[in-house]
Amino acid sequence: MSDAAPLHRQYLHFSELPYSMRVLYTAALIILGLGYIFGLIYVVHTYAGRDGNPSSLSYEDLVIAYSGSGKGSRLESALRGPMSSMLPPDEINVIIGWVQQGSDRTKYEAEIKPTIDKRCMSCHDGSNPHLVNLGGYDNIKKVTERDTGTDIFTLVRVSHIHLFGLTFIFFIVGTIFSHAYLRPVWFKCTVVVLPFIALSMDVSSWYFTKLFHPFALVTMAAGAVMGMCFAFMWLVSMWQMWFSGTPEAVARRHGERTITVG
């Protein structure tokens, strides 16, 4: 990489930071990395399988999640997708059959309610405002209607959590990565700013997918960009913090030879 661009007077490389700060940065990167991995697992578990194939997260999964299947109910989509592992197949088929036959109250009391009480009410009892309340016929009837995807107010709630949370994550990782020596400078700046652009596109595409299904591809692309930028900044920061030597340009600033770390 070219050293043509001079070092900014306020730029400090990792090798110029005290060990206490590098240890703090390392601990933060490790915990954020673990959190990002668990976040990806949660996303796949939440959305995969809505198209009938629970082994992977697909374009169709996202379309169904945001705009609905256009045919089945929300309850049916959940039982075929993310909730498919929570009930035995025979019980799932009974509930889906009941929904498709019109969600009769009499059959609900005799056959469906006992299964719901046994399998679902520990989480869906109404105590958690973020989960559908399945207590009673009137509540469950609401989710047996035609699946139109995630409603707008749920998207708004998830959007502000998503925006605030990922902004803090990429601000912290970007701040740490800013100490890395990387040329050209425009490439380094691009890596820092890309996740914020992708985050805006990601959240916006949730709403647009309800209107035009191909925007689900934007959601997938934006997620991939955020993941790649996170991984790149994480790896470069950890490598330069502990394993690489002091860059020549930084060493020259102090009139020193290149220092090997680790």
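Going by the structure above, here's the rest.
Predicted, not measured: the structure shown is a model, and the values here were computed from it.

> Describe helix α7 (residues 152-177), naming the residues involved and giving the relevant values.
Side chains of residues three or four places apart in an α-helix project in the same direction, reflecting 3.6 residues per turn. Between its first and last C-alpha, α7 extends 36 Å over 26 residues, near the 38 Å set by a 1.5 Å rise per residue. Where α7 starts, the residue carrying a side-chain oxygen 3.2 Å from the main-chain nitrogen of phenylalanine 153 turns out to be aspartate 151.

> Provide a residue-level description of the environment of arginine 157, including the pertinent values.
Counting through the fold element by element, arginine 157 comes out in helix α7. Taking the relative accessible area as the measure of exposure, arginine 157 reaches 26% and is therefore partly exposed. Linking arginine 157 and glycine 126, residues 31 residues apart in sequence, is a C-alpha distance of 18 Å.

> A description of the packing of aromatic side chains should follow, citing residues and the corresponding values.
Evaluated as defined, the whole model comprises 15 aromatic pairs. Summarising the aromatic geometry, the rings of phenylalanine 177 and phenylalanine 232 are spaced 6.2 Å apart at their centres and angled 65° between planes, so their arrangement reads as edge-to-face. Here phenylalanine 177 is found in helix α7, whereas its partner phenylalanine 232 is found in helix α9 (residues 215-242), with 55 residues between them in sequence. Residue phenylalanine 177 is classed as buried on the basis of its relative accessible area, which comes to 0%. Three or more aromatic residues joined by ring pairs form one cluster here, namely Tyr36, Phe170, Phe196 and Phe230. Above the ring of tyrosine 19, the side-chain terminus of arginine 22 is found at 4.3 Å from the ring centroid. Sitting above the plane of the tryptophan 242 ring, arginine 22 keeps its charged end 5.5 Å from the centroid.

> So, the packing of helix α8 (residues 185-211) against α9: which residues are in play, and what are the values?
Packing of α8 against α9 leaves a shortest axis separation of 8 Å and a crossing angle of 150°. Comparing their axes, α9 and α8 come out roughly antiparallel. Note on packing geometry: the crossing formed by α8 with α9 is left-handed. Residues belonging to the contact of α8 with α9 are distributed by class as follows: 19 nonpolar, three polar and one charged.

> Provide a residue-level description of the pattern of salt bridges, including the pertinent values.
The full count for this structure, using the stated rule, is five salt bridges. Between arginine 105 and aspartate 138 there is a salt bridge, with its nearest N and O atoms 3.5 Å apart. Remark: aspartate 138 occurs in helix α6 (residues 137-142) and arginine 105 occurs in helix α5 (residues 105-119); sequence separation between them is 33 residues.

Quick notes on the rules
Residues numbered from 1 in each chain as written. Predicted model: local features only at pLDDT ≥ 70, side-chain atom pairs only at ≥ 80, totals over all residues. Heavy atoms only, no water. Helix = DSSP H or I, 4+ residues; strand = E, 2+ residues; numbered from the N terminus. Expected span 1.5 Å × (residues − 1). Polar contact = N/O pair within 3.5 Å; in protein donor to acceptor, adjacent residues only side chain to side chain. Buried < 20%, exposed > 50% of the residue type's maximum accessible area, 1.4 Å probe, protein only. Phe/Tyr/Trp six-rings, centres within 6.5 Å; stacked < 30°, edge-to-face > 60°. Lys NZ or Arg CZ within 6 Å of the ring centre and 35° of its normal. Axes fitted to C-alpha atoms, helices over the stretch in contact; angles between N-to-C directions. Parallel < 35°, antiparallel > 145°, perpendicular 65-115°, else oblique. Left-handed = near helix turned anticlockwise from the far one by under 90°. Nonpolar A, V, L, I, M, F, W, Y, C, P; charged D, E, K, R; others polar. Salt bridge = Lys/Arg side-chain N within 4 Å of Asp/Glu carboxyl O.

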